[in-house]
Amino acid sequence: MEMVRKALSTATRVECELEMKNEPFILQMNFEFHRLRLQLIYPAMDMDSASSVVLQALTQATSQDTAVLKPAEEQLRQWETQPGFYSVLLNIFNNHMLDVNVRWLAVLYFKNGIDRYWRRVAPHALSEEEKTSLRAGLITNFNEPVNQIATQIAVLIAKVARLDCPRQWPELIPILLESVKGQDGLQQHRALLTFYHVTKTLASKRLAQDRRLFQDLASGIYSFACSLWSHHTDCFLQQIYARDEAAALSSLERTLLSLKVLRKLTVHGFQEPQQNMEVMGFLNAVFERLKQFLECCRQVGSDSTCREKLEKTIILYTKVLLDFLEYHPCAFIPLIQRSLEFAVTYVFTPAGEGVTFERFIVQCMNLIKMIVKNDAYKPAKNIDDSKPESLEAHKIKTAFFTHPTLTEIGRRLVSHYFLLTEEELAMWEEDPESFAVEETGGDSWKYSLRPCTEVLFLDIFHNYSQTLTPVLLDMVQNLQGPTNVEDSVQLLMKDAVYNAVGLAAYELFDNVDFDQWFKNQLLGELQVSHHRYKLIRRRVIWLIGQWISVKFKSDLRPLLYEVILSLMQDPDLVYLESIFGLLFQLLQQVTECDTKMQVLHVISCVIERVGIQIRPYVGCLVQYLPLLWKQSEEHNMLRCAILTTLIQLVQGLGAESKNLYPFLLPVIQLSTDVSQPPHVYLLEDGLELWLVTLENSPAITPELLRIFQNMSALLELSSENLRTCFHIVNGYIYLSATEFLQNYAESLCRSFCDLLKDITNEGQVQVLKVVEIALKVSPMLGAHMFQPLLPAVFRGIVDGERYPVVMSTYLGIMGRVLLQNSSFFSSLLSQMASECNQEMDQLLGNVIEMWVDRMDNITQPERRKLSSLALLSLLPSDNSVIQDKFCGIVNICVEALHDVMTEDPETGTFKDCMLMSHFEEPKLSDDEEPPTEQDKRKKLLALEDPVHSVSLQQFVYEKLKAQQALMGDQGFGALMETVDTELVRQLQEFLQGL
């Protein structure tokens with residue numbers, strides 16, 4: 001065995017030497033080399049035996065029997081970090097004779113292994129020699145017969161390329177290009193598929209160096225990619241016109257893949273694409289190809305096997321234009337005219353009839369919208385400050401959007417695209433809840449026709465309101481008065497026009513007297529009870545909702561509320577109670593998950609709006625929410641809505657929210673437990689609920705304290721929720737510092753130490769603020785519990801931390817320790833002196849000097865006063881170092897006195913504006929929220945805080961008198977002479993009368 005190991009070592013060295021010489025046979029040799037390597041892992045068996053063991057485990061892992069499945073998964077998990085495991089997987093998924101499910105699983109394990117172990121710095125990282133062998137094996141051939149597996153192999157090759165291409169894998173692109181040129185249809189398709197995924201992955205890298213490498217690649221292969229796309233496109237068009245659908249479908253698949261490659265190269269491969277003739281030539285060719293493909297849609301019909309793929313290709317062409325416009329707006333300027341002509345022709349004229357389809361219309365509308373609202377195409381307010389490109393683009397747009405063109409676009413948007421379809425009306429009748437959810441936009445505006453149409457209308461109306469306002473008002477005028485319930489066309493048109501008026505409410509502010517319209521027209525329409533008129537009643541109530549924050553007199557609101565209540569079938573109740581009660585009834589009655597979410601959203605808004613006034617009316621909701629939570633176990637988005645409602649409910653109930661703890665705390669526990677799958681959906685809202693629960697808690701409970709066990713894993717995530725996590729930690733400290741810190745400070749300190757190794761400056765400040773608050777609430781316990789973090793703070797001060805906010809926080813922490821726990825400061829100073837191999841006095845002098853020098857980093861008046869109090873606490877002192885720094889200490893004191901002292905205009909005396917003598921419940925206006933329990937705790941804490949309980953003026957006076965008593969008049973006089981005379985004068989002015 002030892003001889004084999006030596007041979008392996010020699011082979012590794014030879015392999016590296018050959019690789020440096022780029023010997024052509026190294027790829028195959030590497031592959032064979034790892035067959036030998038795997039035999040070392042399984043000494044008693046050969047490579048085939050090792051493969052059979054892994055194959056057996058993979059086969060068992062595809063079983064539906066958990067008793068077979070679980071042990072196999074565990075075995076595979078253990079092998080993940082074993083050298084040679086991925087070579088076996090490669091052999092298995094490349095063996096086309098094996099079961100498809102087993103091969104599929106082998107590919108997935110290989111792909112996951114790339115994410116975990118391919119990087120050099122990863123734990124259990126793959127060796128460089130094994131990676132070389134695997135790279136060679138991945139591109140030996142492109143003949144995978146199963147489409148799904150071929151796609152996964154292409155994806156995993158792209159994952160490796162992202163990490164290794166081109167430096168460690170320079171042969172990848174040349175081999176792909178050579179394979180794409182081949183005559184074998186399957187090999188050509190699989191190579192093209194891989195080429196696309198590699199291009200897509202490399203294009204997604206965002207570091208400047210990676211972008212330059214991709215641009216180099218793009219310039220080298222762009223001509224080839226264009227000719228490839230052009231060839232496959234021509235083949236498809238010839239075959240489709242010859243009605244050879246089977247061949248056409250194959251060519252169309254290659255057209256689609258080559259176009260996907262070109263899209264990435266065009267959009268991300270050139271810094272100034274407008275200077276590349278091939279790029280601009282391709283983009284101009286896109287319009288002609290789009291017309292050809294749209295005509296193909298007309299020819300093949302809706303039942304053709306090519307139709308779906310054909311539509312996908314058409315959409316991809318539009319994506320090329322949209323992406324190029326997004327990333328290169330200036331380079332797109334020569335294409336503006338042609339893009340607008342193309343999109344408007346197909347969407348707003350008869351030319352599009354019979355050839356367009358919904359997704360294509362959406363893309364064309366997005367193209368128009370992006371051109372209309374693009375900031376790069378708008379001149380500056382001062383024309384002389386405008387860029388030439390902006391003026392050119394604006395000129396093109398102005399020439400295109402003439403009065404007739406805008407009028408036609410505006411009328412057609414409203415009278416054609418805003419109309420409810422027969423399918424939508426049928427859906428409303430059969431399932432009103434689903435209709436409401438669908439219409440309010442489950443999909444984004446970018447992908448669904450109705451929201452996309454509305455957004456385009458808004459953008460065009462905003463930019464061309466002078467032209468379009470008369471057009472819309474004319475449409476409104478033509479629909480005045482009640483509409484015949486038998487005239488479905490007019491009902492649909494009125495719904496569409498009212499929709500437009502609601503969307504454009506802000507633009508129409510000066511042109512519509514909405515109060516008069518409400519009284520004279522809309523109110524009457526709400527009172528038409530005919531079943532067919534529900535279309536208009538629904539639209540009118542929505543329309544009022546759009547205008548109520550724009551222009552609607554307050555004295556009309558009671559009339560509106562009465563109408564709303566009548567629509568909800570109960571006109572006799574007091575508004576708040578009845579509205580809330582009716583909403584609760586609706587919440588119980590509806591069955592659709594999305595509808596319940598919308599009702600909960602409205603309930604949350606009502607609670608947020610009325611605040612504590614909601615308390616008498618929430619009993620029924622409080623009783624129902626636990627049941628709804630249980631019923632929604634499989635609906636995480638509904639649970640998110642419940643969490644949002646609970647957040648508002650806790651804030652409305654204040655301290656009374658403690659009565660919800662039996663339900664509330666398990667909800668928080670589940671939502672913030674990262675070991676539970678639902679946390680992916682619930683975490684953000686769960687953390688927010690946790691925080692408001694703490695802020696409104698009157699006292700700590702064992703259950704509330706126990707939830708904090710979830711925090712350690714949350715801090716390890718280092719996610720965007722980190723700031724909320726810190727606020728939660730602070731909430732516990734304010735609520736019950738002693739109990740909390742005794743239970744969790746040790747684990748919290750470990751988490752903080754790990755975080756500080758790799759965190760932004762802003763994140764570092766958040767960590768340090770927790771320590772600062774702990775010292776503020778409990779100086780002795782806080783210093784003891786967070787002792788491991790304090791040496792880093794001390795070093796940061798001595799070294800002169802460059803980031804001002806971090807330095808300010810350092811000084812805030814050290815100020816607390818020095819002022820309120822001087823014995824701990826002395827022991828810390830001794831510890832740091834020993835570590836730095838300095839005398840304690842010398843190190844103290846360095847700290848004071850840096851403190852004085854960086855005082856300007858501290859911007860908060862509270863911290864500036866704290867620094868002054870802390871440094872003054874060193875006095876009186878006969879220590880020569882402290883006396884040497886006396887001038888700096890006085891300087892800080894005078895600066896702080898300027899910050900906090902206010903002059904009484906009547907007496908001419910000064911007083912410290914930060915002093916607080918007692919706690920008063922604030923008098924609140926109707927619009928102000930009452931203080932939370934945490935706000936009250938902070939106020940009470942401030943009464944004991946030296947910053948708010950010690951007069952800086954008095955403290956300065958007493959410390960200087962004590963120093964004078966220690967040194968005598970002559971010695972103290974000499975010390976004061978070291979201070980600038982202007983500072984002395986200002987100091988005397990502040991201290992007069994004491």
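Residues numbered from 1 in each chain as written. Predicted model: local features only at pLDDT ≥ 70, side-chain atom pairs only at ≥ 80, totals over all residues. Heavy atoms only, no water.

### Details of the overall build of the chain
- Secondary structure assignment for the chain yields 48 helices and two strands.
- Along the first, second and third principal axes, the C-alpha atoms of the chain reach 110 × 100 × 70 Å.
- Within the chain, the fraction of its 994 residues that count as buried is 51%.
- By sequence separation, contacts in the chain at least 24 residues apart represent 72% of the contacts at least 6 residues apart.
- Within the structure as shown, the chain displays about 47,000 Å² of accessible surface, and the carbon and sulfur contribution to it stands at 50%. (Helix = DSSP H or I, 4+ residues; strand = E, 2+ residues; numbered from the N terminus. Buried < 20%, exposed > 50% of the residue type's maximum accessible area, 1.4 Å probe, protein only. Contact = heavy atoms within 4.5 Å. Areas by Shrake-Rupley, 256 points an atom, 1.4 Å probe, with all protein chains shown as cover.)

### A short note on the packing of aromatic side chains
- All chains considered together, the criterion is met by 36 aromatic pairs.
- Geometrically, the ring pair formed by Phe342 and Tyr346 is tilted, given 4.9 Å between the ring centres and 50° between the ring planes. Separated by four residues within a single helix, Phe342 and Tyr346 lie in helix α15 (residues 336–348), roughly one turn from each other. As far as the burial class goes, Phe342 and Tyr346 line up, both buried.
- Here Trp690 and Tyr732 contribute two aromatic rings whose centre-to-centre distance is 6.2 Å and whose plane-to-plane angle is 85°, an arrangement assigned as edge-to-face. One end of the pair, Trp690, is in helix α32 (residues 679–695); the other, Tyr732, is in helix α35 (residues 722–757), with 42 residues separating them in the sequence. Here the two residues Trp690 and Tyr732 agree in accessibility, since each one is buried. (Phe/Tyr/Trp six-rings, centres within 6.5 Å; stacked < 30°, edge-to-face > 60°.)

### Structural notes on unusual backbone geometry
- Look at the link from Cys165 to Pro166: it is a cis peptide, with omega at 5°.
- Relative to the elements of secondary structure, Pro166 occurs in the loop between α8 (147–164) and α9 (172–180).
- Residue Pro876 is bonded to the preceding Leu875 through a cis peptide linkage, with omega at -5°.
- Among the structural elements, Pro876 can be located in the loop between α42 (861–872) and α43 (880–884).
- Phi is positive for Arg243, which is not a glycine, with a value near 60°.

### What to know about helix α28 (residues 593–610)
- Taking 1.5 Å per residue, 18 residues should reach 26 Å; α28 reaches 26 Å between its end C-alpha atoms and fits that length.
- When we look at burial in α28, the residues that qualify are Cys593, Thr595, Lys596, Val599, Leu600, Ile603, Ser604, Val606, Ile607 and Val610.
- Count one or two residues on from α28 and you reach Gly611, which has phi positive near 60°. (Expected span 1.5 Å × (residues − 1).)

### Examining the packing of helix α24 (residues 514–526) against helix α25 (residues 534–547)
- Put simply, α24 and α25 touch, their axes get as near as 10 Å, and they point 155° apart. Judged on the interaxial angle alone, α25 and α24 are roughly antiparallel. Where α24 crosses over α25, the handedness of that crossing is left-handed. Taken together, the residues of α25 that come into contact with α24 (itself represented by Phe514, Trp517, Phe518, Leu522, Glu525 and Leu526) are Ile536, Arg537, Val540, Ile541, Leu543, Ile544 and Trp547.
- Within the contact of α24 with α25, the residues separate by chemical class into eleven nonpolar, no polar and two charged. (Axes fitted to C-alpha atoms, helices over the stretch in contact; angles between N-to-C directions. Parallel < 35°, antiparallel > 145°, perpendicular 65-115°, else oblique. Left-handed = near helix turned anticlockwise from the far one by under 90°. Nonpolar A, V, L, I, M, F, W, Y, C, P; charged D, E, K, R; others polar.)

### Thoughts on the pattern of salt bridges
- Inspection of every chain in the model, using the stated rule, returns 37 salt bridges.
- With a shortest N-O distance of 2.5 Å, Glu74 and Arg77 are connected by a salt bridge. In this pair, Glu74 and Arg77 both sit in helix α4 (residues 66–79), three residues apart, roughly one turn of the helix.
- Glu74 gets classed as partly exposed once you look at its relative accessible area, which sits at 33%.
- Residue classification places Arg77 among the partly exposed residues on the basis of a relative accessible area of 47%.
- Here Asp912 makes a salt bridge to Lys865, at a shortest N to O gap of 2.6 Å. Taken together, the residues span a long stretch of sequence, with Asp912 in strand β2 (residues 910–912) and Lys865 in helix α42 at a distance of 47 residues.
- The buried category is assigned to Asp912, whose relative accessible area is 6%.
- Residue Lys865 is classed as buried on the basis of its relative accessible area of 0%.
- Residues participating in the shared-partner salt-bridge network are Arg120, Glu128 and Lys131. (Salt bridge = Lys/Arg side-chain N within 4 Å of Asp/Glu carboxyl O.)

### Quick look at the packing of helix α40 (residues 822–836) against helix α41 (residues 840–853)
- With their axes 9 Å apart at the nearest point, α40 and α41 run at an angle of 105° to one another. Judged on the interaxial angle alone, α41 and α40 are roughly perpendicular. Mapping the contact onto sequence places Phe825, Ser826, Leu829, Ser830, Met832 and Ala833 in α40 and Met840, Leu843 and Leu844 in α41.
- Looking at the contact of α40 with α41 residue by residue, the class counts come to seven nonpolar, two polar and no charged.

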